[in-house]
Amino acid sequence: MAVPIVLAAGSPLLAWRDGVYVASSFAGMLALALLLVQPLLAGGYLPALQARRGRRVHAWLGAALVALILLHVAGLWLTSAPDVIDALLFASPTPFSAWGVVAMWAAFAAAALAALRARIRLAPKVWRLGHTALAVVVVSGSVVHAWLVDGTMEPLSKAAFCLLVLLATAKVILDLRAWTLIARKRRSADRR
C-alpha cells in the first residue's frame, strides 16, 4: 500500500509544485489507499479487526476518507480555483475531473447514509444495498480518476494498486451478496 505513495514522493514532477498542491495530491493518494482498507474491514478480512471492532474502524476510516477528499479538493482550490469550479460543473477539459467529482459526491453520500442510518430507519438490507452501490461508484470513479491523472504516481505501481482496490472491493461485494435484496424482490413480484 505504501509503495505507490513512496514512489510518488520521489517524483521529479514535485519539484515544480508548491506545498499546498503536493499536500493535496498526497491527500488524494491516501484517500485511494483507504479505499483498499475499507472493503477489507467491511468484509471482516482483517483478523485483528473483525465484527463490531472492524465496523467501528470502518466508520472512522470512512470519516477520514471524507476528510482526505475535502483536503484534496481544498488544496486544488487554493492552487487553481477556476479548475476546481470547471470540474465541479463538469466543464473541465480533463476527463479525469468528472470521474473524481462523481466519486467525491458518492463518497459524501455514502458517509451521509452511514451517519444518518439510525435516524432515517432504513431496513438493514436496504441500507447495505445503498451503501454498497455508493461504494461501487466511489471505488470505480476513484480508480478511473487516479488512472487518468498523469501526475506524480508511478504508472506501474499505480496500476497494480488500482487493480488491488478493484479486486478487494469486488471480492467483498461478491462475498456479502448485497444485491440479493433485489433478486428477492423480483422473485416475489414475479409470483404475484
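Residues numbered from 1 in each chain as written. Predicted model: local features only at pLDDT ≥ 70, side-chain atom pairs only at ≥ 80, totals over all residues. Heavy atoms only, no water.

Novice: Summarise the pattern of salt bridges; cite the residues concerned and give the values.
Specialist: Tallying each qualifying case throughout the model produces one salt bridge. Residue Lys 171 is joined to Asp 175 by a salt bridge in which the shortest nitrogen-to-oxygen separation is 2.8 Å. Residue Lys 171 and its partner Asp 175 are both found in helix α8 (residues 155-176); the two are separated by four residues, about one turn of the helix. Accessibility expressed as a relative area gives 44% for Lys 171, which makes it partly exposed. (Salt bridge = Lys/Arg side-chain N within 4 Å of Asp/Glu carboxyl O. Helix = DSSP H or I, 4+ residues; strand = E, 2+ residues; numbered from the N terminus. Buried < 20%, exposed > 50% of the residue type's maximum accessible area, 1.4 Å probe, protein only.)

Novice: Could you give an account of the nonpolar core, naming the residues involved and the relevant values?
Specialist: Formed by 29 residues in total, the largest nonpolar core has its most connected members in Leu 32, Leu 35, Ile 69 and Val 165. For this core, the elements supplying multiple residues, two or more each, are α1 (2-9), α2 (19-42), α3 (51-79), α5 (95-115), α7 (124-148) and α8. Counting residues per element, this core draws most heavily on α2, at nine residues. Those residues in contact with Leu 35 that lie beyond four places of it in its chain are Leu 65, Val 138, Val 139, Ser 142, Val 165 and Thr 169. (Core = buried A, V, L, I, M, F, W, Y, C linked by side-chain atoms within 4.5 Å. Contact = heavy atoms within 4.5 Å.)

Novice: I'd like a rundown of a positive patch on the surface, residues and numbers included.
Specialist: A contiguous patch of positive charge, built from Arg 52, Arg 53, Arg 55, Arg 56 and Arg 117, is present on the exposed surface. A per-element tally of the positive patch places α3 first, with four residues. Mapped onto the elements of the fold, Arg 55 is located in helix α3. You can call Arg 55 exposed: its relative accessible area is 54%. (Patch = residues over 30% accessible without salt bridge, like charges linked within 9 Å, V, L, I, M, F, W, Y side chains within 5 Å. Areas by Shrake-Rupley, 256 points an atom, 1.4 Å probe, with all protein chains shown as cover. Lys, Arg positive; Asp, Glu negative; His and termini not counted. Charge placed at Lys NZ, Arg CZ, Asp CG, Glu CD.)

Novice: Lay out the packing of aromatic side chains with the relevant residues and their values.
Specialist: Under the defined criterion, the tally for this structure stands at one aromatic pair. On the numbers, 5.5 Å between centres and 90° between planes, the contact of Trp 105 with Phe 108 is edge-to-face. Of this pair, Trp 105 and Phe 108 both sit in helix α5, three residues apart, which is roughly one turn of the helix. The positively charged end of Arg 17 is found above the aromatic ring belonging to Tyr 21, 4.1 Å away from the centroid. Residue placement shows Arg 117 over the ring face of Trp 127; its charged tip is 4.1 Å from the ring centre. (Phe/Tyr/Trp six-rings, centres within 6.5 Å; stacked < 30°, edge-to-face > 60°. Lys NZ or Arg CZ within 6 Å of the ring centre and 35° of its normal.)

Novice: Explain the confidence of the model for the chain to me, and be specific about the residues and the numbers.
Specialist: Mean pLDDT over the chain stands at 89; residues scoring 70 or higher make up 93%. Element-level mean pLDDT values for the chain span from 58 in helix α9 (residues 180-191) up to 96 in α5. (pLDDT = per-residue confidence, 0-100.)

Novice: Explain unusual backbone geometry to me, and be specific about the residues and the numbers.
Specialist: Notably, Phe 90 is not glycine yet its phi reads approximately 55°, a positive angle. Note on placement: Phe 90 falls in the loop between α4 (81-88) and α5. Of note in the backbone geometry, Arg 121 takes a positive phi value of approximately 50° without being a glycine. Residue Arg 121 is classed as exposed on the basis of its relative accessible area of 73%.

Novice: How would you explain α2 if you had to name every residue and give the values?
Specialist: Compared with an ideal rise of 1.5 Å per residue, which puts 24 residues at 34 Å, α2 spans 34 Å between its outermost C-alpha atoms and is within 8% of the ideal. One or two steps after α2, the chain reaches Gly 44, where phi turns positive at roughly 75°. (Expected span 1.5 Å × (residues − 1).)

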